[in-house]
Amino acid sequence: MIAAADLASSYELVVIGGGPAGLAAAALAARAGVSTVLFDENPGVGGQIYRAITSTPVKNRAILGEDYWDGAALADEAKASGALIVNGATVWSLDRQRLVGVSIGGKARVIEASRVIIATGSQERPFPIPGWTLPGVMTAGAAQTALKAQGLIVGGRTVLAGGGPLLWLLAAQTLRAGGTIDAILDTTPNRNWLQAIFHLPDFALSPYFGKGLALLREVRAKVPVHRAHTIEAVGTDRLREVVFSGPGGTRRLPVDLLLLHQGVVPNVNLANAAGVAHVWNDRQLCFVPVLDADFGSSVPGIAVAGDGAGIAGGTAAAERGRIAAIAAVRALKPEAVVPDTQAIRQRLQREEMGRAFLDCLNRPADAFRLPEGDTIACRCEEVTARQVRETAQMGCEGPNQMKAFLRCGMGPCQGRLCGLTVTELIAAERKTSPDEVGYYRLRPPVKPITLAELASLPISEAERKAVER
Amino acid sequence: MFKRLADSSPAIAITVDGKQVTARAGDTVAAALLAAGIDHCRTTPVTGAPRAPYCLMGVCFDCLVTVDGVGSRQGCLIPVREGMKVETQLGRREAGR
Ligand SMILES: Cc1cc2nc3c(=O)[nH]c(=O)nc-3n(C[C@H](O)[C@@H](O)[C@H](O)COP(=O)(O)OP(=O)(O)OC[C@H]3O[C@@H](n4cnc5c(N)ncnc54)[C@H](O)[C@@H]3O)c2cc1C
Ligand code: FES
């Protein structure tokens, strides 16, 4: 275990996040002779796609699938590269001067970086339906994480709801592991096909085409799939029932576990707090950082790679990490030998080819992004959709003002699970675009740290002199 | 809600609100609670509603628990250790506002 005290006071490159983007970036830079440290808050490397790749108790390779095991090579490569890889390390602050605040095992440090690559990946899109805060309601990604990292599979009556490739992947992995799924509620609007169909030729050439079809077939053979226009999780102390309406009317299913998923969106908190400019991406319905061809952001020396740069998948994430790392190496060590970016860009392009189709097909319906009435929008502060809508109608123009009125976004998750909902609700009520409305302005610490952690920050000689008289 | 695929990893003894719980090496606190069938890990500061881990990846903060006396830790990011004392949190009392 590496402790906070073991870190140097500065590194040429700090990589934040140990998924495919961060691992590939750190490996390439360290190999080129750049002093590199990678921080990841999880106990092991791998990020979301390759979660627990070095420690998973799931030994039967068929369960998680070969795409999962591809991650082992990346993890090995990073380990062998000479980069310092620190797990259990939460980055809570990053500023324009590239000072990185990190906390490891309850001790904090602030590290200087010549260059920073933010590779903090994605998170699942909020899925605000009535009852989504009840114990017994989780995300599909959560169930997948429990499977990969701890070998836990769903037990009891289980229903999956939503759409997108990950929902079907988790369903297939669960079935292969011997788990049972009682039903899948497919919320993807049929009319999405109208937009998606234009992009079908590109998608047919992408690696995701064959895999996607096989996955759907595998799951549909074993699990009843119902279309759903509305979904409600019902219970008082915990989830008891799922009520949904679809083409066949309204139905109720008694259930122990409801797993929600409607795609993933960039995890913008750290980049936003560092002052990186973001724009609304209407196809992916989320904010993405404004980036140049090397994934450099609006803040000099800070790049954003991987799905944090806009959703493109795990293989693309690694290629993006490499491109960002090459730019960092070129800036830091112009004499170093680096791989040919042309070949990497071509591979990246191939990976990104099918995205437009997937984005259009899996675009979540308004009903599941723009909640109404007493449905909770902000889980932390328990602010309802009605409150947000009414406050917007009264003249509140943006999420930061909304914070002051309702406290939404001010709880411990710092807007991660309400930010997009609040922006889209304000835009809908004020008949303007989410880009116009904007996002929460975030400030460090982006993860809560204790006073004891802050007090553990080492004090330099200069700082001591400054206060001693 | 969850069961273990195999019980091959070494057992790790922790306590949850003073009761013995057998976790496994590789568990996070949140995973150990789910595997033990513990229904919720905290109540919210605003209405006192029960909450359980939701995302298991560090974004929702619904897994907040007290670990070895330190409150509001993210259970889904902390690996279990032999003898660890986990306490579920009452939001109204302990949120400190
Ligand atoms: C729950 C979930 C499960 C997924 N499963 C799959 C899958 O099985 N297959 C698939 O193809 N795609 C999956 N995806 C999609 C995913 O976005 C992948 O495309 C891929 O993991 C993206 O790689 P990345 O390197 O950009 O980021 P990630 O793999 O997400 O890695 C980011 C890493 O950064 C760390 N991090 C974030 N913030 C901080 C911080 N402040 N301090 C320190 N560390 C931090 C995270 O803990 C994480 O380990 C999943 C996404 C989610 C949200
Ligand atoms: S379960 Fe969401 S942060 Fe831990």
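How each quantity is defined
- Residues numbered from 1 in each chain as written.
- Chains lettered and ligands numbered in written order.
- Predicted model: local features only at pLDDT ≥ 70, side-chain atom pairs only at ≥ 80, totals over all residues.
- Heavy atoms only, no water.
- Contact = heavy atoms within 4.5 Å.
- Buried area = accessible area lost by both parts, 1.4 Å probe.
- Salt bridge = Lys/Arg side-chain N within 4 Å of Asp/Glu carboxyl O.
- Domains from an automatic or database assignment.
- Helix = DSSP H or I, 4+ residues; strand = E, 2+ residues; numbered from the N terminus.
- Nonpolar A, V, L, I, M, F, W, Y, C, P; charged D, E, K, R; others polar.
- Pairing = 2+ DSSP bridges.
- Axes fitted to C-alpha atoms, helices over the stretch in contact; angles between N-to-C directions.
- Parallel < 35°, antiparallel > 145°, perpendicular 65-115°, else oblique.
- Left-handed = near helix turned anticlockwise from the far one by under 90°.
- Core = buried A, V, L, I, M, F, W, Y, C linked by side-chain atoms within 4.5 Å.
- Buried < 20%, exposed > 50% of the residue type's maximum accessible area, 1.4 Å probe, protein only.
- Phe/Tyr/Trp six-rings, centres within 6.5 Å; stacked < 30°, edge-to-face > 60°.
- Lys NZ or Arg CZ within 6 Å of the ring centre and 35° of its normal.

## Describing the interface of chain B and chain A
- Listed as interface residues are 36 residues of chain B and, on the opposing side, 48 residues of chain A.
- Each partner contributes to the roughly 3,500 Å² buried at the junction of chain B and chain A, and carbon and sulfur atoms together form 61% of this total.
- Interface area lost by chain B to chain A is led by Met1(B), Leu5(B) and Tyr54(B), which between them contribute 23%.
- At the junction of chain B and chain A, the tally comes to two salt bridges.
- For Asp62(B), the salt bridge goes to Arg379(A), with nearest N and O atoms at 2.6 Å.

## Brief notes about the domain arrangement of chain A
Residue and element names in this part refer to chain A.
- If you check the domain split of chain A, you get domain 1 (4-123 + 265-338), domain 2 (126-262) and domain 3 (370-437).
- For domain 1 and domain 3, the distance between their C-alpha centroids amounts to 30 Å.
- Of the residues lining the interface, nine residues belong to domain 1; the matching set on domain 3 comes to nine residues.
- Each partner contributes to the roughly 740 Å² buried at the junction of domain 1 and domain 3, and carbon and sulfur atoms together form 59% of this total.
- Applying the counting rule to domain 1 against domain 3 returns zero salt bridges.
- Where the side of domain 1 that touches domain 3 is concerned, the elements lending two or more residues are β18 (278-281) and β19 (286-289).
- Per-class residue counts for the side of domain 1 that touches domain 3 are six nonpolar, three polar and no charged.

## A few points about the pairing of strand β2 (residues 11-16) of chain B
Residues and elements named next belong to chain B.
- Across six bridges, β2 lies against strand β3 (residues 19-24) in antiparallel orientation. Bridged to Ala13 within β3 is Thr22.
- From the end of β2 to the start of β3, which pair antiparallel, there are two residues, and Asp17 there has a positive phi angle of about 50°.

## What about the packing of helix α6 (residues 165-176) of chain A against helix α9 (residues 208-220) of chain A?
Residue and element names in this part refer to chain A.
- α9 packs onto α6 with a crossing angle of 50° between their chain directions and a minimal axis gap of 9 Å. Comparing their axes, α9 and α6 come out oblique. In this structure, α6 crosses over α9, and the sense of that crossing is left-handed. Across from Pro165, Trp168, Leu169, Ala171, Ala172, Leu175 and Arg176 in α6, the residues of α9 making contact are Leu215, Leu216, Glu218, Val219 and Arg220.
- Within the contact of α6 with α9, the residues separate by chemical class into nine nonpolar, no polar and three charged.

## Looking at the sheet that holds β3(B)
Residues and elements named next belong to chain B.
- Judged by pairing direction, the sheet is mixed, and its five strands sit side by side in the order β3-β2-β8-β6-β7 without closing on themselves. The open sheet has two edge strands, β3 and β7 (70-74), and neither has a second partner. Across the sheet, the mean angle from the axis of one strand to that of its neighbour is 40°, orientation sign disregarded.
- Taken together, the three bridges between strand β6 (residues 64-67) and β7 define a ladder with antiparallel strand orientation. Pairing of Leu64 across the sheet is with Gln74, part of β7.

## Some details on the packing of helix α14 (residues 385-393) of chain A against helix α15 (residues 399-406) of chain A
Residues and elements named next belong to chain A.
- Axis separation between α14 and α15 bottoms out at 11 Å; the angle between their running directions is 115°. Of the possible angle classes, the one that applies to α14 and α15 is roughly perpendicular. In the crossing of α14 with α15, the sense of the turn from one axis to the other is right-handed. Residue-level inspection shows Gln387, Val388, Thr391 and Ala392 of α14 in contact with α15, the latter providing Met402, Phe405 and Leu406.
- For the contact of α14 with α15, a count of residues per class yields five nonpolar, two polar and no charged.

## Considering the nonpolar core
All names here are of chain A.
- Ranked by internal contacts, the top residues of the largest apolar core, which has 87 residues, are Val14, Phe39 and Leu258.
- When residues of this core are assigned to their parent elements, the largest contribution, five residues, is made by helix α16 (residues 419-429).
- In this structure Leu258 touches Ile129, Gly136, Val137, Met138, Val159, Ala161, Ala233, Leu239 and Val242, once residues within four positions along its chain are discounted.
- Core analysis: the second largest hydrophobic core is formed by 50 residues, Val34, Leu74, Ala312 and Ala317 among them.

## A few points about unusual backbone geometry
All names here are of chain A.
- Backbone torsion omega between Pro444 and Pro445 reads -5°, so that peptide bond is classified as cis.
- Not every positive phi belongs to a glycine, and Arg407 is a case in point at roughly 70°.
- Looking at the element boundaries, Arg407 is found in the loop between α15 and α16.

## Details of the packing of aromatic side chains
All names here are of chain A.
- Taken as a whole, this structure holds nine aromatic pairs over all chains when the rule is applied.
- Here Tyr439 and Tyr440 contribute two aromatic rings whose centre-to-centre distance is 5.6 Å and whose plane-to-plane angle is 65°, an arrangement assigned as edge-to-face.
- The class of Tyr439 is buried, set by a relative accessible area of 15%.
- By the ring-pair criterion, three or more aromatic residues cluster together here, those being Trp193, Phe203, Phe209 and Phe357.
- Its end group placed over the ring of Trp132, Arg379 keeps NZ or CZ at 4.8 Å from the ring centre.

## Focus on the sheet that holds strand β9 (residues 89-90) of chain B
Residue and element names in this part refer to chain B.
- Strand order in the open sheet formed by three strands is β5-β4-β9, and the pairing between neighbours is mixed. Sheet topology places β5 (50-51) and β9 at the edges, where each strand pairs with a single neighbour.
- Of the pairings in the sheet, the one linking strand β4 (residues 42-43) to β9 comprises two bridges and is parallel in character. Bridge assignment links Thr43 to a residue of β9, and that residue is Leu90.

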